[in-house]
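Below are the chains, spelled out letter by letter.
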Amino acid sequence: MSFVDLKNIRVSYDGKNNILKELNLSMEKGELISLLGPSGCGKTTTLRVIAGLIEPNDGTFTVGDSNLTKVPVHKRNFGMVFQSYALFPHLTVRENVGFGLKLRKEKKEVIEKKVQAILEATDLSHYAERYPKQLSGGQRQRVALARALVIEPQLLLLDEPLSNLDAKLRISMRIEIKRIQRKLGITTVFVTHDQEECFSISDKVAVMNNGVIEQYDSPEEIYKNPKTEFVARFIGFENFFALTKQDTHTYTTSDGTLIETVHSAGRQQTTGTIRPDDILLSAHDQEIPSNSLAGTIRVRTFLGKSYQYEVETSIGKLLVNDVQVPGYQVGDKVFVVIPKEKLILV
Amino acid sequence: MRKQRGLSIFAGAVFAFLFIPLIIITITAFGENPTIQFPITGFTFQWFTAVFENQSFMDSFLLSLEVSLLATLLALIIGIPAAYALTRQGVKGKSWIKSFFLSPTIIPGVVVGYSLFQFIVIRLQIPLFTGLLLGHFLISLPYIIRVVGSSLEQLDFSIEEVAWTLGSTKFKAFISIVLPNISSSIFASFMLAFINSFNNIPVSQFLSGPGISTLPTTLMNYIEYNYNPVVSALSVLLMLGTIILMFLIEKTLGLAKVV
Amino acid sequence: MSKKIPYLILAPGLILLVFFLLIPLVSVIWPTFYNGTLSFDSYISFFKDTYNFGIFIRTIRVSIIVTVMCIILGVPTAYFIAGTSAKWRGLLMALTLFPMLTNSVIRSFAWINLLGQNGVVNKLLASIGIISKPLTLLYTEFSIIIGSIYLFLPILIITLVGVMENINPEIMEAAETLGASRIKAFIKVVLPLSIPGIIVGSILVFTGTLTAYTTPQLLGGNRNMMLSTFLYQNAMTLGNWEDASVIALIMIVTTLIVMKGFNLIANRIDKRGEQDA
């Protein structure tokens, strides 16, 4: 059994439509996992079930040996950072951070010491007497984090904590979060819709869609081997085409071109997908027996470090990123090569 | 939202407190006994008929309508341009003038009524009806200034400037650009001021006399000497009127925007 | 020329206000200070009279009790309304608004039905055997208080819902994740954040009760005068215009002091974040 376990969680507001259906998720102690998906996929709902802000209609939620499914939110001892930060506007930074400790009836000196320590760790000691209104976005974010951490929570829950920051701050804050999380060894759930943010920070990623976890794996595994078309699309695969199985590693496209793969699918009809970066372009026929299609350049877009081409082929339009200079012009006849180790079947 | 049973029960009790007295009035309007009784015996509409047959109720109802409509219209005619002027830059002492326009809400109604009665009716010998009208105008004006003013403040003035650049005079721009964009707040302020004026007691009480008595004043004096279901019946009719007005406001711009 | 236009537009309103509000007020109040010589005698002798002073104290006392009761009843109710879905909230707000838009004569009359010797409350208490003789509830200070709470509770609720709606619900949830029960989170977070609304609502309730005429007139009777009914009696029944004018100014000044006082309290409590970052 894992440290954190969600088993068969179902959430429905109206009794008819399920926001979460039969959701299962487990985490080991000290892990940082992310819930990744588009808005409305159920990732925030999952986090709120863990926090105790939503009681699931069915299923159980356990941490360690204790079943917390029915335990009210204020008795769970989880730290949560909200998307809006939800700082108490009528309290100073110090009072905000000390709020949870005061409720735990700790001794005054203990509270002061702990608050001071976390304020220093999060670089906030200069702002301790300020009110939230007087802080910048990044400072508010750190107060929210300090407030959640100071109660020494069993779990740390982060609901899109970086989405209200500008791009530069976002990167430095996510490194900061990772650093603190590692240092304290605190088990953390991170909700985001930003793929890059999520991959950079997580031990494991659960990609969610329509209230279901489509794939739960390490970031590398998800990046290399998306299991479903949804996951593939969400993490940047652009080209999808139908394939018919001939043999374990041999497929044909709709126009009969032979495609070899290193992967294999159980089904007879399947979909092949590949990132624009992984397709090779060539002006001449490579005269290889498989994985090559003839096409015409239709659109060319300059991306900075590469060009993106829209290539029309017999199996449809393919997007290809290519770094060759000077590159191809619109109307050029080219050959598209799909490396077999880069082709994914979903 | 998670369930909060205790809070729901508390709120339920408060709403019961707000509505049970009005429900009891409604029920007593239908009892047959000539003095008010609850629970009622029998069932009759005769008290409603009695309301319509009571000449002083009918007269004072018409007077109330007349006074409230005229006073509110006067408040609109004077208040809308004033609210507009108060939102423009370059008016010196703007906040003072605005407080002055809103001051009738700070001065207790009985004091407004009393001073108008003493000064206008007694000293200047101005007819009572004019005094009543002026009193109701005074209590209506703040509603117009406040509601119309806040919607003018939210209005993007560049749409007016665009109209000027397109060749519209300032007056034409006000009529054709500004007014249509604040029409719902004009309506809201009119309704609020009208309801408030129609329901007013303290001002009307001082400025009433032979032949000049608003419906609430008449009703109040009636209650001091009578305790019969006619009062209940009239109350029910007035509450129906309130419901109709609320319905009108809800249909045209939504109650939420008025409060 | 165009600079003068705003003043021209403001002029009619200003003239009407000066002529029919300011001048009448001054003309009524000036004689209470000036009677050949300038003095405060009218006011001193007014307050020296124990009967008058009693009315003044009663008015203040009733206003305080009504305000406190409205807060006690209104705050949880407003919190409940603010927490419901948009559809429910609209309905509950309309239900709260309805009594507010109903004539105050009707609303006071409702309590005559309830509190009279033969009223609903006495009948109810008698039928369950709590009392054997009807209680005197009507024409007491108690009936004025009940009637005024009834009159002003809706306005406090509506003011508060407006403030509470704007409190980020995540703030309440944050308090709960930090270990606060719902009640604690309400007391420690929602309540302090609602102070501005409570202050505004309290000003309306307090000054409303202080100056209300209909309710004390219908529910108080002659032995339980409030300043407003006392003013009317002096002016219209007794013909004592000097006292009426004295009461008028006392009411204005008390109203202003109450408003100023509440706003001072509000500023004292609401110290958070004057300047933005």
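Residue positions are counted from 1 within each chain, in the order its sequence is given. Starting at A for chains and at 1 for ligands, labels are handed out in the order in which the entities are written. For this predicted model, a pLDDT threshold of at least 70 governs which residues receive local features, and a threshold of 80 or more governs which side-chain atom pairs are given and counted, while totals over whole chains, interfaces and linings are taken from all residues. Only heavy atoms go into the side-chain values, all of them from the structure, while hydrogens and water stay out.

### Details of the overall build of chain B
Scanning chain B from terminus to terminus reveals 13 helices and zero strands. Once the C-alpha set of chain B is aligned to its principal axes, its extents read approximately 75 × 65 × 30 Å. Each residue is placed in one exposure class: buried if its accessible area under a 1.4 Å probe, protein chains only, is under 20% of its type's maximum, exposed if it is over 50%, and partly exposed if it falls in between. Looking at the 259 residues of chain B, the share that counts as buried comes to 54%. By definition, residues are in contact when any of their heavy atoms lie within 4.5 Å. Look at the contacts in chain B between residues 6 or more apart in sequence, and 70% of them connect residues 24 or more apart. Here, Shrake-Rupley sampling with a 1.4 Å probe gives the accessible areas, and only protein chains in the shown set may cover a residue. Of the accessible surface of chain B, which amounts to about 11,800 Å², a share of 67% is contributed by carbon and sulfur atoms. Charge counting treats Lys and Arg as positive and Asp and Glu as negative, with His and both chain ends excluded. A charge is said to be at NZ when it belongs to Lys, at CZ for Arg, at CG for Asp and at CD for Glu. When the 13 basic and 10 acidic side-chain charges of chain B are each reduced to a single mean position, those positions are 16 Å apart. Helix and strand labels come from DSSP, where a helix needs a run of H or I of at least four residues and a strand needs a run of E of at least two; each type is numbered from the N terminus.

### Some remarks on the packing of aromatic side chains
Centres within 6.5 Å make a pair out of two Phe, Tyr or Trp rings, where for Trp the six-membered ring is used; the pair is then stacked when the planes are under 30 degrees apart, edge-to-face when over 60, and tilted otherwise. Summed over all chains, the structure comprises 37 aromatic pairs over all chains. With 5.2 Å between their ring centres and 85 degrees between their planes, C:Phe47 and C:Phe56 make a pair best called edge-to-face. Taken together, the ring pairs connect C:Phe46, C:Phe47, C:Tyr51, C:Phe53, C:Phe56 and C:Phe230 into an aromatic cluster. Here, over-ring charges are defined by two tests on the NZ atom of lysine or the CZ atom of arginine: distance to the ring centre within 6 Å, and angle to the ring normal within 35 degrees. In this arrangement the basic side chain of A:Arg275 is found over the ring face of A:Tyr223, its NZ or CZ atom lying 3.6 Å from the centre. Sitting over the ring of B:Trp164, B:Lys170 keeps its end group 4.6 Å from the ring centre.

### Here's the deal with the pairing of strand S11 (residues 239-247) of chain A
Residue and element names in this part refer to chain A. Direction of pairing for S11 relative to strand S14 (residues 269-274): antiparallel, over a ladder of six bridges. Looking across to S14, one finds that Asn239 is bridged to Ile274. Two elements, S11 and strand S12 (residues 250-252), share three bridges in a ladder whose sense is antiparallel. Looking at S12, one finds that Lys245 is bridged to Tyr251. Here, a strand pair is defined by DSSP locating no fewer than two bridges between the strands. Linking two consecutive strands that pair antiparallel, namely S11 and S12, is a turn of two residues.

### With respect to the interface of chain B and chain C
By a widely used convention, the size of an interface equals the accessible area lost when the partners come together. Each side of the interface is counted separately: chain B has 74 residues, and chain C has 77 residues. Of the roughly 7,000 Å² buried where chain B meets chain C, counting both sides, 82% is carbon and sulfur surface. Counted as salt bridges are all cases of a side-chain nitrogen of Lys or Arg within 4 Å of a carboxyl oxygen of Asp or Glu. The interface formed by chain B and chain C contains zero salt bridges. The dominant element in the side of chain B that touches chain C, judged by the number of residues it contributes, is helix H1 (residues 5-28) of chain B, at 14 residues. Buried area is understood as the total, over both parts, of accessible area removed when two parts are fitted together, assessed with a 1.4 Å probe.

### Points about the environment of A:Tyr307
Residue and element names in this part refer to chain A. Looking at the element boundaries, Tyr307 is found in strand S17 (residues 307-313). Of the residues examined, Tyr307 reaches a relative accessible area of 15% and is grouped as buried. In this structure the C-alpha to C-alpha distance between Tyr307 and Val323, which are 16 residues apart in sequence, comes to 6.2 Å. Here Tyr307 is in contact with Arg300, Thr301, Phe302, Val320, Asn321, Asp322, Gln324 and Pro326, once residues within four sequence places are set aside.

### Some remarks on the sheet that holds strand S3 (residues 32-36) of chain A
Residue and element names in this part refer to chain A. Within the open sheet, the six strands sit side by side as S6-S7-S8-S3-S9-S10. Their pairing is mixed. Sheet topology places strand S6 (78-81) and strand S10 (212-217) at the edges, where each strand pairs with a single neighbour. Along the sheet, successive strands turn relative to each other by an average axial angle of 15 degrees, direction set aside. As paired strands, S3 and strand S8 (residues 187-192) are joined by five bridges and run parallel to one another. Bridging across to S8, Leu36 finds its partner in Thr192. Helix axes are fitted only over the stretch in contact, all axes being lines through C-alpha atoms; the angle between N-to-C directions runs from 0 to 180 degrees. Of the strands in this sheet, S3, S6, strand S7 (155-159), S8 and strand S9 (204-209) touch helix H1 (residues 43-51), which is tilted by about 150 degrees from S7.

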